[in-house]
Amino acid sequence: MIASDSFWDKAADKYARKSVGDEAAYAKTLERTVQHLSPDQHVLEIGCGTGTTALKLAPHVAHITGIDISERMIEIARNKTSDQGIQNVTFAHSPHDTFIAQQGAQSFDVVMAFNVLHLLDDPAKTVRSLRMLLKSDGLFISKTPCLGEMTKLLRPLVWGMQKLGKAPLVHYINYVTLDDMIRDAGFDIIASGIYPAKTRSRLIIAKRRQA
């Protein structure tokens, strides 16, 4: 589960008002993602937050389902959907593990997880579970801040913010650990990139390996 729903509920409105930290890196992430999308696909995004990415990608697919543990985040996402008149995106308030358990196998063509794997209690277990939701040729598209690649001076700063309730639980994942996690879950990595470099955020496009 992602930290706690109360943390993200409290952060939701400020998060919604915050501008993208690196517009060029975000645009590149969207561009690389769109290259692997098609109009017939049904897509799941876990940890969708306030829905910005799902709504930007909606024109490129048949339907996107976005889920998040924060009820307030989902409320904001639904309001955006209504305001923008977008018909092919559905947002649901649900912990990812509960949602996965309720879905049938091979329900989606693509599963996306942007800036969320490092926040999960057990990211490796989640990635393995998400594979079961994908069709035989399905794609897992993720971007993860690999904090393990950054200076160790970051850790006491994050620890202090956590003590003040201003940061969630995080994992200090590095590039090798992330790649191995995805491969071990039953995927073949077909493309990758670092966007933005300053946060060591690794974009990975991976294809479900045939059993």
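Residues numbered from 1 in each chain as written. Predicted model: local features only at pLDDT ≥ 70, side-chain atom pairs only at ≥ 80, totals over all residues. Heavy atoms only, no water.

**Re the nonpolar core**
Across soluble globular proteins, you tend to see nonpolar side chains buried next to one another.
Consideration 1: Ranked by size, the top nonpolar core spans 26 residues in total, and within it L57, I64, V89, F91, V110, M112 and I141 carry the most contacts.
Consideration 2: With residues near it in sequence (within four places) discarded, F91 still touches C48, G51, A54, L55, G66, I74, A77, R78 and T81.
Consideration 3: In this structure, I46, F108, L178 and I204 belong to the second largest nonpolar core, which totals 25 residues. (Core = buried A, V, L, I, M, F, W, Y, C linked by side-chain atoms within 4.5 Å. Buried < 20%, exposed > 50% of the residue type's maximum accessible area, 1.4 Å probe, protein only. Contact = heavy atoms within 4.5 Å.)

**Considerations on unusual backbone geometry**
Consideration 1: Cis geometry is adopted by the peptide bond preceding P196, which originates at Y195 and carries an omega value of -5°.
Consideration 2: As for its placement among the helices and strands, P196 is situated in the loop between β6 (187–194) and β7 (201–208).
Consideration 3: Within the chain, N115 stands out as a residue other than glycine whose phi angle is a positive 55°.
Consideration 4: Along the chain, N115 falls in the loop between β4 (108–114) and α6 (123–133).
Consideration 5: Its identity as a non-glycine residue notwithstanding, R200 has a phi of 55°, on the positive side.
Consideration 6: In this fold, R200 is placed in the loop between β6 and β7.
Consideration 7: The exposure class of R200 is partly exposed, given its relative accessible area of 29%. (Helix = DSSP H or I, 4+ residues; strand = E, 2+ residues; numbered from the N terminus.)

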